[in-house]
Amino acid sequence: MQKKYVRAMFPGSFDPITNGHLDVIGRGRLLFDELIIAVGKSPIKNALFAPEERVEMIKEILADTPRVQVETFDGLMVDFARRKKADVILRGIRSLTDFQYEFSLAMTNRAVAGIDTVFIMASAEYGFTSSTLIREVASLGGDVSNLIPKIVYHRLMERFAKLKKNS
Ligand code: ADP
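About the cut-offs
- Residues numbered from 1 in each chain as written.
- Predicted model: local features only at pLDDT ≥ 70, side-chain atom pairs only at ≥ 80, totals over all residues.
- Heavy atoms only, no water.
- Near = heavy atom within 4 Å.
- Polar contact = N/O pair within 3.5 Å; in protein donor to acceptor, adjacent residues only side chain to side chain.
- Areas by Shrake-Rupley, 256 points an atom, 1.4 Å probe, with all protein chains shown as cover.
- 1 Å grid on protein atoms, 1.4 Å probe; cavity = no way out; pocket = protein on both sides within 12 Å on 5 of 7 lines; lining within 4 Å.
- Sits in = over half its atoms within 2 Å of the grid points.
- Helix = DSSP H or I, 4+ residues; strand = E, 2+ residues; numbered from the N terminus.
- Nonpolar A, V, L, I, M, F, W, Y, C, P; charged D, E, K, R; others polar.
- Pairing = 2+ DSSP bridges.
- Right-handed = clockwise from strand over helix to strand, strands pointing away.
- Points joined across faces, edges and corners; volume = space filled by probe spheres on them.
- Phe/Tyr/Trp six-rings, centres within 6.5 Å; stacked < 30°, edge-to-face > 60°.
- Buried < 20%, exposed > 50% of the residue type's maximum accessible area, 1.4 Å probe, protein only.
- Contact = heavy atoms within 4.5 Å.

Undergrad: Would you mind going over the site of the ligand with me for this structure?
TA: Taken together, 19 residues sit near the ligand, with Phe-14, His-21, Gly-92, Arg-94 and Tyr-126 positioned nearest. A distance of 2.8 Å separates a nitrogen atom of the ligand from a polar backbone atom of Tyr-126. Here the ligand, which alone exposes 530 Å², has 91% of that area covered by the protein. When atoms are counted within 2 Å of each cavity's grid points, the one that captures over half of the ligand is the largest pocket. Elements represented by at least two residues in the shell around the ligand include exactly β1 (7-12), α1 (19-28), β4 (88-93), α4 (96-113) and α5 (131-139). The residue inventory of the shell around the ligand, partitioned by class, reads six nonpolar, nine polar and four charged.

Take a look at the structure:
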C-alpha cells in the first residue's frame, strides 16, 4: 500500500517567530510531505509586528527550506485548514499548561472539523521560549539574541528603537 501524501498546518501567532517555533518546524517537516505555517491575523495582546511583517520574516528565514509554505489566515484555524486541504494540525508543547490548553483545543477541533492534531514536544533548550516573553524581555532591554533568529533580532531592535523615539 502506498503511503498517503500528508499536508500539515502549523498555526500560531508567531509574533515574532522564535527558535522554539523553528525547532518544531524543523522536526515537523520531516514527518510530513508538506507543511503550511499559518500566521493568525486575529489581534493578540501587546502585538508587536503586523501579520504581514511576521510572514515576511518567516519567509526570509525559511527561504531555502523545501516543502514549507507561509500564509496568513483570518477566523477559525480549522476553516483555513479545510480550505488548504490540510490533513493534520501541528502544534508544539512546552509545559503542562500548554498541554491543558492544547488538549482542549485539539478535542474541539476534532469535534467540530474532524481534524487531528499532532504534537511535538519542545526541545529542552527552548522549552521556556515564548514570543510573549521575548517581546516583554526585549522591551525592557534584555538580551534575547540566542532565542530568536538573527533577522528577527534585528527587526525587534529596530522596532523598539522606533517605539522609543516616538514615545
Ligand atoms: P507563543 O506566543 O506561545 O509562542 P504561538 O501562537 O506563536 O505562541 O505558538 C504556536 C504554536 O507553537 C503553539 O502550539 C505553541 O505551543 C508552539 N510553541 C511556541 N513556542 C514553542 C517552543 N519554544 N517550543 C515548542 N513549541 C512552541
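Undergrad: Could you clarify how one ought to interpret the pairing of β1 in this entry?
TA: A regular strand places its side chains so that they alternate between the two faces of the sheet. Pairing analysis gives six bridges linking β1 to strand β2 (residues 34-40), with the strands arranged parallel. Opposite Gly-12, over in β2, you have Val-39 as the bridge partner. Handedness of the crossover is the feature at issue here: the chain leaves β1, passes through α1, returns alongside β2, and the resulting connection is right-handed. As paired strands, β1 and β4 are joined by two bridges and run parallel to one another.

Undergrad: Help me understand the layout of surface pockets in this model?
TA: Empty space among the atoms can be located by rolling a probe the size of a water molecule over them. The volume enclosed by the largest pocket comes to roughly 890 Å³. Taken together, 38 residues form the lining of the largest pocket, with Gly-12, Ser-13, Arg-91, Arg-94 and Glu-102 sitting closest to its centre. Within the residue set of the lining of the largest pocket, elements represented by two or more residues are β1, α1, β4, α4 and α5. With six residues, the single largest contributor to the lining of the largest pocket is α4. In terms of residue class, the lining of the largest pocket is built from 14 nonpolar, 16 polar and eight charged.

Undergrad: Just checking my understanding: could you explain the packing of aromatic side chains for this structure?
TA: The geometry of an aromatic ring pair comes down to the distance between the two centres and the angle between the two planes. A full pass over the atoms with the stated rule returns three aromatic pairs. Seen from their ring centres, Phe-73 and Phe-80 are 5.5 Å apart, and the 15° between their planes marks the pair as stacked. Assessed through its relative accessible area of 5%, Phe-80 is described here as buried.

Undergrad: When you look at the environment of Lys-4 in this model, what are you seeing that I'm missing?
TA: Its location among the elements puts Lys-4 in the segment before β1. Residue classification places Lys-4 among the exposed residues on the basis of a relative accessible area of 53%. Along the chain, Lys-4 and Ala-38 lie 34 residues apart, while their C-alpha atoms are 22 Å from each other. Dropping the residues within four chain positions of it, Lys-4 is found in contact with Asp-33 and Asp-87.

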